[in-house]
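The lines below spell out each chain.
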Amino acid sequence: MPTHILYIIGAFVVSLCCGLITIPLILNFCKKHHLYDVPDDRKVHSNAIPRLGGISFMPSMLLALVLALMVYGRFTGEEKVSANPWTVMFLVSLLLVYFTGFIDDITGVRPRTKFLMQIIAASLLPISGLYINNFYGFLGFHEIPFWVGAPLTVFIIVFIDNAINLIDGIDGLSSGLSVISLGGFLYSFVREEVWVYCLLIAGLMGVIIAFMYYNIWGKPEKNTKIFMGDSGSLTIGFILGFLVVKYAMDNPQVMPYRQDGLLLSYTLLIIPAFDVVRVILKRLRLHLGIFKADKNHIHHKLLAIGMNQHQALVTILIFELFYIVLNLQVLPNFDITYIVVIDIIIYTAFHVVLDIIINRKELLKIS
């Protein structure tokens with residue numbers, strides 16, 4: 001086994017252990033201070049659940065990353081990471097998003113304020129020189145200038161951050177989709193031998209999987225069930241947005257040109273991205289605010305046709321895997337524009353079928 005893979009596994013294990021140790025402590029803290037996510041008409045859970053699981057994500061990930069780098073440097077004498085502008089700006093922006101989510105979980109933050117903080121955090125990355133600079137043929141475009149790529153990068157990062165946050169509606173969904181996405185990016189960066197990002201991703205995956213154990217199989221009556229809260233979903237979403245931009249950016253000094261740079265990044269987040277677009281379009285059509293909460297997400301529809309939470313979770317995760325296989329294995333010779341059109345048609349057809357089933361169930365109830 002290559003040495004680098006051992007360090008990646010080590011980062012994953014360290015973060016996993018951190019999660020398994022810290023999450024029970026967080027559960028006890030929430031119980032002591034009555035920090036719960038209280039159910040309402042929009043939410044699918046019926047018990048008050050602690051909501052601070054996400055505060056363990058960033059510390060566990062960074063601890064795993066730092067330990068892996070320290071051990072590597074100890075045994076090889078090599079310095080693997082330097083404080084370049086990308087690294088500094090990424091850490092500053094990540095801290096900004098993390099603490100915004102943390103404060104929101106504790107005391108609450110207005111949606112517009114959260115949105116503003118996300119924009120500020122995302123804007124730091126183009127300032128440091130990290131931005132989408134190539135469309136790889138999408139809509140006929142290839143290289144794009146900074147004045148187009150910079151605002152587009154901010155939009156994409158904020159969009160993905162909110163998509164992960166908004167789809168966090170049933171047990172394991174946001175975290176499960178994130179693990180699939182992170183696994184895809186991990187494979188991609190291993191293939192490109194960009195090892196620091198592999199360690200970062202492995203560290204985040206470890207603590208998310210630890211969280212999923214308590215989130216999916218935890219019992220409220222035993223004080224073992226927890227939600228990630230905004231501190232978790234916003235942190236994961238921001239990191240995934242950063243990875244999308246990082247992998248999609250054409251930068252020969254870091255990685256050679258990759259024809260699938262944009263396609264892979266888009267495909268790994270296709271379900272949360274399509275879901276939030278569809279929900280926002282429906283809210284605009286109904287003249288509702290885009291920040292107004294509703295029960296129109298993909299998981300709400302699956303629950304409406306009679307699935308339980310675990311069945312809906314498995315269905316959506318399989319749907320995401322289906323898109324990954326379709327886009328990266330079945331359609332690799334198609335132009336990326338045609339692939340996106342095919343993806344939209346499939347997703348639209350899926351929801352049309354769901355709507356037909358839901359309408360029939362409602363008619364049966366009435367009759």
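Residues numbered from 1 in each chain as written. Predicted model: local features only at pLDDT ≥ 70, side-chain atom pairs only at ≥ 80, totals over all residues. Heavy atoms only, no water.

Points about the overall build of the chain
What counts is decided by this rule: Numbered from the N terminus, helices here are DSSP runs of H or I no shorter than four residues, and strands are runs of E no shorter than two. In this setup the radius of gyration rests on C-alpha atoms only. A globule is expected at 2.2 Å times the number of residues raised to 0.38. Classification of residues uses two cut-offs on accessible area relative to the type maximum, computed with a 1.4 Å probe and protein chains only: under 20% is buried, over 50% is exposed, and between them is partly exposed.
A count of helices and strands for the chain gives 13 helices and 2 strands. Relative to the 2.2 N^0.38 estimate, which gives 21 Å for 367 residues, the radius of gyration of the chain is 21 Å and therefore close to what a compact globule would have. The principal-axis extents of the C-alpha atoms in the chain amount to approximately 75 × 55 × 40 Å. Per-residue burial for the chain yields a buried fraction of 51% across its 367 residues.

Re the packing of helix H6 (residues 173-192) against helix H12 (residues 309-330)
Inclusion rule: Only the stretch in contact is used when a helix axis is fitted, and all axes are lines through C-alpha atoms; the angle between N-to-C directions ranges over 0 to 180 degrees. With respect to orientation, any angle under 35 degrees is reported as roughly parallel, any angle over 145 as roughly antiparallel, any angle of 65 to 115 as roughly perpendicular, and every other angle as oblique. Helix crossings fall into two classes, left-handed where the near helix is turned counterclockwise from the far one by less than a right angle and right-handed where it is turned clockwise. A contact between two residues is defined here by any heavy atoms of the two lying within 4.5 Å.
Between H6 and H12, the least distance of the axes is 10 Å, while the angle of their chain directions is 25 degrees. As the angle between them shows, H6 and H12 are arranged roughly parallel. Handedness of the crossing formed by H6 with H12: right-handed. Residues Leu 173, Gly 176, Leu 177 and Ile 180 of H6 form the contact with H12, whose participating residues are Leu 313, Ile 316, Leu 317, Glu 320, Leu 321 and Ile 324.

Re the packing of aromatic side chains
For clarity, the threshold we go by: Only Phe, Tyr and Trp rings take part, Trp by its six-membered ring, and two of them pair if their centres are within 6.5 Å. Stacked means planes under 30 degrees apart, edge-to-face means over 60, and tilted covers everything else.
Evaluated as defined, the whole model comprises 23 aromatic pairs. On the basis of an interplanar angle of 65 degrees and a centroid distance of 6.3 Å, the ring pair of Phe 135 and Phe 138 is categorised as edge-to-face. Aromatic pair Phe 319 and Phe 350: ring centres 4.5 Å apart, planes at 35 degrees, arrangement tilted. Placement of Phe 319 in helix H12 and of Phe 350 in helix H13 (residues 336-366) is noted, with a sequence separation of 31 residues between them. What makes Phe 350 partly exposed here is its relative accessible area of 22%.

Quick notes on the nonpolar core
We count it as follows: Among the buried residues, those of types Ala, Val, Leu, Ile, Met, Phe, Trp, Tyr and Cys that are joined through side-chain atoms within 4.5 Å form a nonpolar core.
The biggest cluster of nonpolar side chains holds 104 residues, and the ones touching the most others in it are Phe 185, Phe 189, Ile 208, Leu 243 and Ile 271. The contact partners of Ile 271, leaving out residues within four places of it in the chain, are Ile 167, Leu 177, Ile 316, Phe 319, Glu 320, Tyr 323 and Tyr 347.

With respect to H6
The condition that has to hold: For a helix, the expected span equals 1.5 Å multiplied by the residue count minus one.
Taking 1.5 Å per residue as the helical rise, H6 with its 20 residues ought to reach 28 Å, and the 29 Å between its terminal C-alpha atoms agrees with that figure. Of all 20 residues in H6, 16 are buried, a share of seventy percent or more. Two residues or fewer past H6, Glu 193 is found with a positive phi of approximately 60 degrees.

A short note on the state of the cysteines
Under the convention used in this document: Two cysteine sulfurs form a disulfide in these notes if their separation is within 2.5 Å.
This structure, assessed with the given rule, holds 0 disulfides. Here Cys 30 stays free of any disulfide, with the sulfur of Cys 18 as its closest cysteine sulfur at 18 Å. A relative accessible area of 0% places Cys 30 in the buried class. Not part of a disulfide, Cys 198 finds its nearest cysteine sulfur in Cys 18, a span of 20 Å.

Topic: the side chain of Lys 301
We count it as follows: Counted as a polar contact is a pair of N or O atoms within 3.5 Å, where, for protein atoms, one must be capable of donating a hydrogen and the other of accepting one, and residues adjacent in sequence contribute only when both atoms are in side chains.
Within the secondary structure, Lys 301 is located in helix H11 (residues 298-304). At 2.9 Å, the side chain of Lys 301 and the side chain of Asp 355 are in polar contact. In this structure, Lys 301 is in contact with Arg 278, Asn 296, His 351, Leu 354, Asp 355 and Ile 358, ignoring residues within four places of it in sequence.

Describing the side chain of Asn 215
Its location among the elements puts Asn 215 in helix H7 (residues 195-217). Engagement of the side chain of Asn 215 in a polar contact is seen with the backbone nitrogen of Gly 172, the distance being 2.7 Å. Aside from chain neighbours lying at most four places away, what touches Asn 215 is Asp 171, Gly 172, Lys 225, Ile 226 and Phe 227.

Thoughts on the environment of Ser 128
Along the chain, the position of Ser 128 falls in the loop between helix H4 (111-127) and helix H5 (146-166). Overall, Ser 128 belongs to the buried group, its relative accessible area being 13%. Those residues within four positions of Ser 128 in sequence are excluded, and the remaining contacts are Pro 85, Trp 86 and Met 89. Reaching out from Ser 128, the side chain makes a polar contact with the backbone oxygen of Leu 125 at a distance of 2.6 Å.

Remember that the coordinates give geometry; whether it matters functionally is a separate question.
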